[in-house]
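# Chains, contacts and geometry: an overview
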Amino acid sequence: MLERLKAGGYALVALIIMTIIHVELLFKLLKKLNQPLVLSFAAEVHDSMLSLEEAALIGRYYAEKAKVDVALHLDHGTKFDTIKKAIAYGFTSVMIDASSCDFEENVRRTKEVVEYAHARGVVVEAMRIGHVGSGETYATDEDDSIYTEVEAAKKFVELTGVDSLAISIGTAHGHYKSTPVINFERLHEIREALDIPLVLHGGSSSGDENLRRCATEGISKINVFTDFVVAA
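### Thoughts on the pairing of strand β5 (residues 123-127)
- With four of five residues buried, β5 is to be regarded as a mostly interior element.
- Bridge count between strand β4 (residues 93-96) and β5: four bridges; the pairing is parallel. For Ser93, the partnering residue across the bridge sits in β5 and is Val123.
- In this view, the connection linking β4 to its parallel neighbour β5 by way of helix α6 (residues 103-118) has right-handed handedness.
- Looking at chain direction, β5 and strand β6 (residues 164-167) are connected through three bridges and run parallel.

Shown next, in the form of structure tokens:
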């Protein structure tokens, strides 16, 4: 799915699911739009609302009924045991988030997950070299966002064999105190340097024009969560 998106020059929105109601509503919309879908489940954050096994059963049930491609994705997996369980339960895509570690440890953990997942036909997204901070501190002296460095990203992909990479170019998780200023020049540089699809976290409240440009200028998957929670 991501390779087709990358080749076509557009992006897919990945939506976080927390209950079966979320999934039911998404698939009603899916029928109208006739578009592929990524169902993302942040197991280590939302396990009190839905277990990993329940998310897999629900996601697989609806995916098998759909007439378009549907990926079941584990979002922000930090524990290898959680990632192994997700793969065993039928997730078709997993994310290893070792972004809090230094470069060498991030590479080690990511490579370990890639080798395990690829042997079982599952694709892997890794968390960027760099850091997406919190929208609550965005554009303040406390902002902790760090842009992804091009050479570091290139080296990381070469060492790990990861299938897609989430990069940091100016977005943040959660609510914003101000409109984000996205570094499109850095996006273009990373896009030119890497052959794999790129992912943007922190898509909520980033602005329609920003997201349109991300989708057409190099990002293949955009994660959105907070906007839907606020709307609900």
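Having put the structure on the table, let's press on.
### Describing the sheet that holds strand β3 (residues 70-77)
- Taken in spatial order, the eight strands line up as β1-β2-β3-β4-β5-β6-β7-β8 and close into a barrel, and their pairing is parallel. Pairs of neighbouring strands in the sheet enclose a mean axial angle of 25°, with direction left out of account.
- Packed onto the sheet, helix α4 (residues 52-65) meets β2 (37-41) and β3 and runs at close to 160° relative to β3.
- Contacts from helix α5 (residues 80-89) reach β3 and β4, with the element oriented near 175° to β4.

### Topic: the nonpolar core
- With 55 residues, the main nonpolar core has Leu39, Phe91, Val94 and Leu165 as its most contacted residues.
- Tallying contributions element by element places α4 first for this core, with five residues.
- Contacts of Val94, omitting those with residues within four sequence positions, involve His73, Leu74, Ile83, Ala86, Ile87, Val113, Ala117, Val122, Val123, Val124 and Glu125.
- Counting five residues, the second-largest nonpolar core is a separate cluster that includes Leu5, Leu12, Ala14 and Ala71.

### Quick look at unusual backbone geometry
- At Asn34, a residue that is not glycine, the phi angle is positive and equals roughly 55°.
- Summarising the element assignment, Asn34 is placed in the loop between α2 (20-33) and β2.
- The class of Asn34 is exposed, set by a relative accessible area of 54%.
- One non-glycine residue, Ser205, lies in positive phi territory at about 60°.

### A few points about a nonpolar patch on the surface
- Taken together, the side chains of Ile20, Ile21 and Leu25 present a nonpolar region at the surface, about 280 Å² in accessible area.
- If you trace the backbone, Ile21 turns up in helix α2.
- What makes Ile21 exposed here is its relative accessible area of 51%.

The rules behind the values
- Residues numbered from 1 in each chain as written.
- Predicted model: local features only at pLDDT ≥ 70, side-chain atom pairs only at ≥ 80, totals over all residues.
- Heavy atoms only, no water.
- Buried < 20%, exposed > 50% of the residue type's maximum accessible area, 1.4 Å probe, protein only.
- Helix = DSSP H or I, 4+ residues; strand = E, 2+ residues; numbered from the N terminus.
- Pairing = 2+ DSSP bridges.
- Right-handed = clockwise from strand over helix to strand, strands pointing away.
- Axes fitted to C-alpha atoms, helices over the stretch in contact; angles between N-to-C directions.
- Contact = heavy atoms within 4.5 Å.
- Core = buried A, V, L, I, M, F, W, Y, C linked by side-chain atoms within 4.5 Å.
- Patch = residues over 30% accessible without salt bridge, like charges linked within 9 Å, V, L, I, M, F, W, Y side chains within 5 Å.
- Areas by Shrake-Rupley, 256 points an atom, 1.4 Å probe, with all protein chains shown as cover.
- Salt bridge = Lys/Arg side-chain N within 4 Å of Asp/Glu carboxyl O.

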